[in-house]
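Each chain is listed here by its residues.
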Amino acid sequence: MVLRIGVVGTGAIGREHINRITNKLSGGKIVAVTDVNKVAAKQTVEQYQLDAAIYPDDTALIADPNVDAVVVTSWGPAHESTVLAAIKAGKFVFCEKPLATTAEGCKRIVEAEMKHGKKLVQVGFMRRYDSGYIQLKKTIENNEIGEPLMIRAAHRNPTVNENYTTDMAVTDTLIHEIDVLHWLVDDDYNSVQVLFPRKTKYAHSNLQDPQLFTIETNKGIVMNVEVFVNCKYGYDIQCEVAGEEGIAKLPEFPSVVVRKDEKLSTGILNDWKYRFMEAYNVEIQDFIDSVTKNGEPQGPTAWDGYIAAVTSDACVKAQVSGEKETIALPEAPEFYRNRAKLSV
Ligand code: NAI
Ligand code: ISE
């Protein structure tokens, strides 16, 4: 069976996903697209030579009986209404982060999905599909470093545009660590505090950059996460877990090592697209396969999207207050318990 997919939002990552579904993966076909920017939608259909309908909006796309699943790659504030409409129509949804921009919005999605009675939604937390994070998780689960005590992580982008504000360090960037770090150590967060080091001269006036988040878990693991989005030198994702018996580190992205002119050098990527290319491929293939074979996606759930949003709200509150803020996570309903079963 081929999964017939409609894409809402044909911007940067929308096109990336369209390209991978059309030219790299199997079992999925783009049959419809829409974008508030009509020119972008038309250009995308032409660029990838798609045999796909172009709809004026998400409502019309979701109503198309040829659309089995919806990929939501529009701007964050537009996600909630599209996901809710897709659930109402009983269609599968792959939604890029954030699931919704507020915890209340995510909760509405969770409630709609539970009311529907079957899991339909997968959230684009692709790091759970990255081979480096998977190896790191296995190392921890196999007890190779003993009980995890501390994590040091960094999320660095070379630069961001003028629209990127201080809170987006949480809602747009840290959100990936928020999801992946608790998954890594199988624990829940309970507090967060934020420090603003000296501001880089490369950050524009609306942005405090870099930022340091100290997040604590129920078991007492302390996570120190740096977000630095004008680091200049490249796109760099770091994660080191210190345990009672040893230290485990996320592998570096492989790159040729050159010995030349009395120097040992290796490249660093400059874009998320390349760093997580394989993870996005595995993630979307898993969505297609699990939906077509098992009738429900098995990746990160709407509940994962919701608890990430609750955590993200606490982080933004801590940015403003400068205090240690509580992260009060609700208990997962039966519907979502053990629901994200990744087969990778
Ligand atoms: P973008 O700005 O390049 O593309 C977004 C597109 O959505 C634009 O073409 C815009 O016209 C369209 N759009 C906005 N509202 C719409 C609506 N109501 N209906 C239809 N189309 C609409 O943004 P980008 O970088 O592609 O990001 C899209 C989403 O993907 C964001 O939520 C972002 O956070 C997420 N993202 C996730 C990444 C990941 O690593 N998982 C990486 C980059 C983006
Ligand atoms: C972007 O939206 C993403 O989701 C990337 O994965 C992340 O690294 C980047 O910081 C965000 O702006």
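Computed from a prediction, not measured in an experiment: that's the story for all the values here. (Residues numbered from 1 in each chain as written. Chains lettered and ligands numbered in written order. Predicted model: local features only at pLDDT ≥ 70, side-chain atom pairs only at ≥ 80, totals over all residues. Heavy atoms only, no water.)

## Observations concerning the UniProt feature "domain: Gfo/Idh/MocA-like oxidoreductase C-terminal" (unreviewed entry) in the chain
Here is step 1 of the chain: Sites flagged by UniProt as "domain: Gfo/Idh/MocA-like oxidoreductase C-terminal" (unreviewed entry) map to residues 137-323.
Here is step 2 of the chain: Secondary structure across residues 137-323 comprises 35% helix and 26% strand; the distance between its end C-alpha atoms is 31 Å. (UniProt positions renumbered as here; feature names shortened; annotations may be inferred. Helix = DSSP H or I, 4+ residues; strand = E, 2+ residues; numbered from the N terminus.)

## Details of the sheet that holds strand β7 (residues 148-156)
Here is step 1 of the chain: If you walk across this open sheet you meet the seven strands as β12-β11-β7-β10-β9-β8-β15, and the pairing is mixed. Only two strands of the sheet have a single partner each, and these edge strands are β12 (247-249) and β15 (325-326).
Here is step 2 of the chain: Its contacts with the sheet put helix α6 (residues 131-141) on β7, β11 (236-243) and β12, and the angle it makes with β11 is roughly 5°.
Here is step 3 of the chain: Contacts between helix α10 (residues 302-321) and the sheet are confined to β8 (189-195), β9 (211-217) and β15, with β8 contributing the most and set at about 35° to the helix. (Pairing = 2+ DSSP bridges. Contact = heavy atoms within 4.5 Å. Axes fitted to C-alpha atoms, helices over the stretch in contact; angles between N-to-C directions.)

## Description of the site of ligand 2
Here is step 1 of the chain: As a matter of local geometry, ligand 2 sits amid Lys97, His155, Asn157, Asp172, Thr173, His176, Tyr235 and Trp272.
Here is step 2 of the chain: Histidine 155 places a polar side-chain atom, nitrogen or oxygen, 2.6 Å from an oxygen atom of ligand 2.
Here is step 3 of the chain: Take asparagine 157: an N or O atom from its side chain is 3.1 Å from an oxygen atom of ligand 2.
Here is step 4 of the chain: For ligand 2, the protein covers 85% of the area, taking 300 Å² as the surface of the free molecule.
Here is step 5 of the chain: Per-element tally for the shell around ligand 2: the top contributor is helix α7 (residues 168-185), with three residues.
Here is step 6 of the chain: Partitioned by chemical class, the residues of the shell around ligand 2 number two nonpolar, four polar and two charged. (Near = heavy atom within 4 Å. Polar contact = N/O pair within 3.5 Å; in protein donor to acceptor, adjacent residues only side chain to side chain. Areas by Shrake-Rupley, 256 points an atom, 1.4 Å probe, with all protein chains shown as cover. Nonpolar A, V, L, I, M, F, W, Y, C, P; charged D, E, K, R; others polar.)

## Focus on the domain arrangement of the chain
Here is step 1 of the chain: When cut into domains, the chain gives domain 1 (3-127 + 278-306 + 332-336) and domain 2 (132-268).
Here is step 2 of the chain: Relative placement of domain 1 and domain 2: their C-alpha centres are 27 Å apart.
Here is step 3 of the chain: Listed by partner, the interface residues are six residues for domain 1 and 10 residues for domain 2.
Here is step 4 of the chain: Summed over both sides, the interface between domain 1 and domain 2 buries roughly 810 Å², with carbon and sulfur atoms accounting for 56% of that surface.
Here is step 5 of the chain: The three residues of domain 1 that bury the most area against domain 2 are Lys97, Phe125 and Arg127, which together make up 81% of that side's buried surface.
Here is step 6 of the chain: Between domain 1 and domain 2 we count two salt bridges in total.
Here is step 7 of the chain: A salt bridge links glutamate 177 to arginine 127; the nearest nitrogen and oxygen atoms lie 2.8 Å apart.
Here is step 8 of the chain: Counting every contact that joins domain 1 to domain 2 gives four residue pairs in polar contact (both at pLDDT 80 or more).
Here is step 9 of the chain: Broken down by class, the residue content of the side of domain 1 that touches domain 2 amounts to two nonpolar, one polar and three charged. (Domains from an automatic or database assignment. Buried area = accessible area lost by both parts, 1.4 Å probe. Salt bridge = Lys/Arg side-chain N within 4 Å of Asp/Glu carboxyl O.)

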